[in-house]
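Coordinate analysis (summary)
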Amino acid sequence: MNREELVSLYRQMVLIRVFEDKSAEMYAKAKIAGFLHLYNGQEAVAVGALSALRQDDDLVTHYRDHGYALARGLASTAVMAELYGRVGGTTGGRGGSMHIADISKHYWGGYAIVGGHLPLATGLAYANTHHKCDRIVLCVMGEGSTNIGTFHAALNWAQLWKLPVIFLVENNQYAMGTALSVHSAVTEIYKKALAHDMHAVRADGKDVLAMHDAVALLADRARRGEGPALLEAVTYRFRGHSMADSDVQRPKEEISEQKMRDPITMFLNDVLFKQNLITQVEVDQIQKDVEAEVEASVAFADASPEPALDTLYNDIYADPVDNIQINGSLIKPATVLPRNGKHG
Amino acid sequence: MAEITFREALKRALREELARDPEVVVWGEDIVAYGGGGAYAVTAGLAKEFPGRIRDTPIAEEAIVGVAIGAAMAGIRPVVELMTINFALVAWDQIVNHAAKQHHMFNGAINVPMVMRSPAGFGRTAATHSQNFDAWLASIPGLKVVEPATPYDAKGLLKSAIRDNDPVFFIEHLQLYGTRGEVPDTEYLIPLGVSDRKREGKDLTVVTWGRMLIETMKAAKTLAAEGIELDVIDLRTLRPLDLSLAIESVKKTNRAIVVEEGWRSIGLGAEIVASLQEEAFHYLDAPIARVAGLEVPMPYAKNLERATLPFAEDVVAAVHAMMANQY
């Protein structure tokens, strides 16, 4: 990677960090509701992984998805508006924090049922082989997903059909609040892939370049038709599972120790400064630009209207059946609306 | 026009759609090698005609449905066979949380054009292999649910389901595979979401679907000999539910019975009764009645199995009771 690309990795990680901190602030101000799972501490995984893929490679992720959306190049304005549930959001306010998506950027969405999206990613990879195109699929999950049935069902299927998919496990060492050693008999997660005869690798998820290199190798392999792989990225969450998590279950010393290895400062100090690729003035400028961008995203979200009520029934079906009303039965619309539960 | 089985009608629909559209693939457990093509032989021989597009899968319904969803999102039109509807429960998360949600949750940006075919009903297979989940499936926004009763409808509806851009759950009653009916040699489609009057009569409306249509038609014959003429409405699609014909029929006959094989409480029949009385209350001469399955886990023993299920004689008895009562 050249200097410009390396600095871009740094900028992306800073953007995610600032964006997530601002999201937490907006959550506290009740601008954002429901679930909000922040990505602080794990930035190097998304940024490193996506920097090694083509823009048209398919991406499917878990619900801790803001970092992936920003690293894939979705506008921070649209991501913030989605967190607000506004019409300018990535899915017009329908999905919220856990379901950021942009099909035009081959980001097929964040998914909120643990492990539920692994078969979908496998199916997208099948479609790529069926259509004889050389796109590959990156499927991201937390290590908590590796105990559920769909994990094994999807890995078996992908390996059996030699499909071009990389299963990227972000091992942040807690499934919600349950420690790895409490929820999994196998604590070196990559080994689980070996049961399916799948190529498996482990990488330092706090090292953005290590993530880039690992994904680049696996992507080449998959693109050449050599089949799927599992990549375990060992990382750590700097905040709780979600904004609803008081985070009392993780030892304070462990958290502060992990924060000593911050993926952003490590990359800045150990790579960019060390190799004289960046100056302090540039670092300050990046910080300033990113903060301005995130402020603009908040302004955009605040200004974006709520979705119109008359769009509620839109898009339940791609092929709506003529004259069939939305509640399920064919009745004239005039008599139907009062029949909705809300109106008694 | 030839008389063919329900099974053959389904196979012809698959064959025609496979030939028409290279995006159509057919996946399922034991649909290629086992016995030459499926536990119920619907796919027999197709693998030879369409190499690579008919594939055996692992016994992992959550993956069969989930992989099909992912493929469908990218433009494939998968038709997956779930060996029995009971196994669909293993894939329930994929059906409810994924297939049915994608289009709306992602603001119309993702389509899931897939079909899940699955046999339902009974056959001396005991509690875990003898169920109907019509009401569960038909209650899910985003999903379409089809259940044909005749070979003609089976072929036309399956072809439409494959061409549809939404996820369709296509229920095939086990007892219907060997039944025969007229099916044109020329291509035709039957639109989803359109009910059908299977018999014209003036005295009493029966609203039904699937195997219970066959039993209702038998009952109608018996009753006709007594001078009672049933107006029989076959729903064909359970979601979206087309009750227009049923409402029109009730306004004419002033009496209605809903006949279903599944459990009575919270069944689809309950929803139909509620809608009919909302729309045609002032036309009714009697409370709407239900004929349904008994609410027990299905026993294996032959006599007990039969006792839980509704047949033509139950329909006849319900009609007699309703006609005898003066309200």
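Residues numbered from 1 in each chain as written. Chains lettered and ligands numbered in written order. Predicted model: local features only at pLDDT ≥ 70, side-chain atom pairs only at ≥ 80, totals over all residues. Heavy atoms only, no water.

**Some words on the state of the cysteines**
All names here are of chain A. Taken as a whole and judged by the stated rule, the model has zero disulfides over all chains. Lacking any disulfide linkage, Cys133 is separated from the closest cysteine sulfur, that of Cys139, by 17 Å. Accessibility expressed as a relative area gives 29% for Cys133, which makes it partly exposed. (Disulfide = S-S within 2.5 Å. Buried < 20%, exposed > 50% of the residue type's maximum accessible area, 1.4 Å probe, protein only.)

**Some details on the environment of B:Ile233**
Tracing the chain through its elements places B:Ile233 in strand β11 (residues 230-234). When residues no more than four places from it in sequence are discounted, the contact partners of B:Ile233 are B:Ser195, B:Asp196, B:Arg197, B:Thr205, B:Val206, B:Val207, B:Thr208, B:Leu245, B:Ala246 and B:Ser249. (Helix = DSSP H or I, 4+ residues; strand = E, 2+ residues; numbered from the N terminus. Contact = heavy atoms within 4.5 Å.)

**Let's talk about the sheet that holds strand β4 (residues 77-81) of chain B**
Sheets are built from strands that pair by backbone hydrogen bonding, the pairs being arranged parallel or antiparallel. All names here are of chain B. On the basis of which strands lie adjacent, the open sheet formed by seven strands has the order β3-β2-β4-β5-β7-β6-β12 and mixed pairing. For this open sheet the edge positions go to β3 (54-56) and β12 (237-239), each flanked by a neighbour on one side alone. The average angle at which neighbouring strand axes cross in this sheet is 20 degrees, direction not considered. As judged from the six bridges shared by strand β5 (residues 115-120) and strand β7 (residues 168-173), these two strands associate in the parallel manner. In the sheet register, Ala120 faces β7, and the bridge partner there is His173. (Pairing = 2+ DSSP bridges. Axes fitted to C-alpha atoms, helices over the stretch in contact; angles between N-to-C directions.)

**Considerations on the packing of helix α6 (residues 149-160) of chain A against helix α3 (residues 61-73) of chain B**
Look at α6(A) against α3(B): their axes get within 9 Å of each other, and the N-to-C directions meet at 65 degrees. The angle between α6(A) and α3(B) falls in the class roughly perpendicular. Where α6(A) crosses over α3(B), the handedness of that crossing is right-handed. Contacts between α6(A) and α3(B) involve A:Gly149, A:Thr150, A:Ala153 and A:Trp157 from the former and B:Glu62, B:Ala63, B:Ile64 and B:Val67 from the latter. A breakdown of the residues in the contact of α6(A) with α3(B) according to their chemical character gives five nonpolar, two polar and one charged. (Parallel < 35°, antiparallel > 145°, perpendicular 65-115°, else oblique. Left-handed = near helix turned anticlockwise from the far one by under 90°. Nonpolar A, V, L, I, M, F, W, Y, C, P; charged D, E, K, R; others polar.)

**A closer look at the pattern of salt bridges**
Per the counting criterion, the structure on display carries 49 salt bridges over all chains. A:Asp58 serves as the salt-bridge partner of A:Arg135, at 3.4 Å between the closest nitrogen and oxygen. You can see A:Arg135 sitting in the loop between α5 (118-130) and β3 (137-142) and its partner A:Asp58 sitting in strand β1 (residues 58-61), a full 77 residues away along the chain. For the pair A:Arg135 and A:Asp58, a shared accessibility class is recorded, and that class is buried. Among the salt bridges present, the one from A:Arg261 reaches A:Asp204, with a minimum N-O distance of 2.7 Å. Of this pair, A:Arg261 sits in the loop between α10 (252-260) and α11 (263-273) while A:Asp204 sits in strand β7 (residues 199-204), and the two are 57 residues apart along the sequence. Taking the relative accessible area as the measure of exposure, A:Arg261 reaches 38% and is therefore partly exposed. Residue classification places A:Asp204 among the partly exposed positions, given a relative accessible area of 27%. Here the salt bridges do not stand alone but share partners, grouping B:Glu16, B:Glu17, B:Arg20, B:Lys155, B:Lys159, B:Arg163 and B:Glu187 into one network. (Salt bridge = Lys/Arg side-chain N within 4 Å of Asp/Glu carboxyl O.)

**As for the nonpolar core**
Counting residues in hydrophobic clusters, the biggest one holds 88 residues, and the most contacted among them are A:Phe167, B:Trp27, B:Ile95, B:Phe169 and B:Ile272. Element by element, the count of residues in this core is highest for α3(B), at nine residues. Residues from two domains meet in this core; each of domain 1 (2-183) and domain 2 (196-324) of chain B gives at least three. (Core = buried A, V, L, I, M, F, W, Y, C linked by side-chain atoms within 4.5 Å. Domains from an automatic or database assignment.)

**Observations concerning the pairing of β1(A)**
All names here are of chain A. Both faces of β1 are covered, namely the face carrying Asp58 and Val60 and the face carrying Leu59 and Thr61. Of the pairings in the sheet, the one linking β1 to β3 comprises three bridges and is parallel in character. Note on β3: the bridge partner recorded for Leu59 is Leu138. Across two bridges, the pairing between β1 and strand β2 (residues 107-110) is parallel. Note that in β2 the partner of Leu59 across the bridge is Tyr107.

**With respect to the domain arrangement of chain B**
All names here are of chain B. Segmenting chain B into domains produces domain 1 (2-183) and domain 2 (196-324). The distance between the C-alpha centroids of domain 1 and domain 2 comes to 26 Å. Opposite the 30 residues of domain 1 that make contact, domain 2 presents 27 residues. Of the roughly 2300 Å² buried between domain 1 and domain 2, counting both surfaces, carbon and sulfur atoms make up 61%. By the criterion of area lost to domain 2, the three top residues of domain 1 are Phe122, Arg124 and Glu147, representing 29% of everything that side buries. Along the contact surface separating domain 1 from domain 2 lie two salt bridges. Linking domain 1 with domain 2 are 14 residue pairs in polar contact (both at pLDDT 80 or more). Those elements that place two or more of their residues in the side of domain 1 that touches domain 2 are α6 (134-138), β6 (144-146) and α7 (151-163). Looking at the side of domain 1 that touches domain 2 residue by residue, the classes come out as 15 nonpolar, 10 polar and five charged. (Buried area = accessible area lost by both parts, 1.4 Å probe. Polar contact = N/O pair within 3.5 Å; in protein donor to acceptor, adjacent residues only side chain to side chain.)

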